[in-house]
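# Survey of secondary and tertiary structure
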Amino acid sequence: MKFFIDTANIEQIKQAEHLGILDGVTTNPSLMAKEGVTGNNNILKHYLKICNLVTGDVSAEVISVDYDGIIKEGEILANLHKQIVVKVPMIPDGIKAIKYFSEKGIKTNCTLIFSSGQALLAAKAGATYVSPFIGRLDDVSTDGLVLIEEIRLIFDNYAFETEILAASIRNPMHIINCAKIGADVMTGPLSAIIALSKHPLTDIGLEKFLADHRKGN
Ligand code: E4P
């Protein structure tokens, strides 16, 4: 399973990269705004900064919602750095744009996926990744993991190469459950990734080992 961090915060990206297990970064317009990154030039500079910090894919989202606008923005983003993956919303013009990008060899991440039908369409258009938002489905009393299961089944039935990028991850159990179902990638906050490493028996055991070592020296 690939691990992406879902943030535009440079310090958190550095910390995740430092762990040695980071495969990429996803961002979205809300995450960029949260870091106070505004204005086209600053946004492009921020993406470059992120690409220079990590070795994997960096999803950069288009703001346009019409075909021509998505193509224009996506090409600017893709030309910025070879690690950029153009993030396109699941709308009819977005599907058409994904088809165009895929024929041009430009990687895409189809975002805001909330149903298996949407994922199927994105895969048919040639998306590199589909991003089902499991946390946001859980927020409205719908099991986000069921969606991941459905997409896994459909993609396996037809051997689609599109990767399932489980997004809107909120906690370590989301990551574990997505791994059990076979999501190809997960993107989540640093807190959920770090939480995977925690266990009280590990802390107790380590404390005891170190205390016994001190006694012997
Ligand atoms: C996906 O790429 C999105 O950036 C993200 O996972 C959304 O998560 P949220 O529901 O926590 O905002």
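Residues numbered from 1 in each chain as written. Predicted model: local features only at pLDDT ≥ 70, side-chain atom pairs only at ≥ 80, totals over all residues. Heavy atoms only, no water.

Here we come to the sheet that holds strand β2 (residues 24–26). Strands belonging to one sheet form pairs held by backbone hydrogen bonds; the direction of such a pair is parallel or antiparallel. If you walk around this closed barrel you meet the 8 strands as β1-β2-β3-β4-β5-β6-β7-β8, and the pairing is parallel. The mean angle between the axes of side-by-side strands here comes to 30°, regardless of whether they run parallel or antiparallel. Of the strand pairs in this sheet, strand β5 (residues 108–113) and strand β6 (residues 129–132) are connected by 3 bridges, and their pairing is parallel. Paired with N109 across the bridge in β6 is Y129. Along the sheet, helix α6 (residues 116–125) makes contact with β5 and β6, crossing β5 at roughly 165°. (Pairing = 2+ DSSP bridges. Helix = DSSP H or I, 4+ residues; strand = E, 2+ residues; numbered from the N terminus. Axes fitted to C-alpha atoms, helices over the stretch in contact; angles between N-to-C directions. Contact = heavy atoms within 4.5 Å.)

It is worth spelling out the packing of helix α1 (residues 10–19) against helix α3 (residues 40–53) at this point. In the contact formed by α1 and α3, the axes pass within 10 Å of each other and the chain directions differ by 15°. One element, α1, and the other, α3, form an angle in the roughly parallel class. In the crossing of α1 with α3, the sense of the turn from one axis to the other is right-handed. Taken together, the residues of α3 that come into contact with α1 (itself represented by I10, I13, K14 and E17) are H46, K49, I50 and L53. Split into classes, the residues belonging to the contact of α1 with α3 amount to 4 nonpolar, 1 polar and 3 charged. (Parallel < 35°, antiparallel > 145°, perpendicular 65-115°, else oblique. Left-handed = near helix turned anticlockwise from the far one by under 90°. Nonpolar A, V, L, I, M, F, W, Y, C, P; charged D, E, K, R; others polar.)

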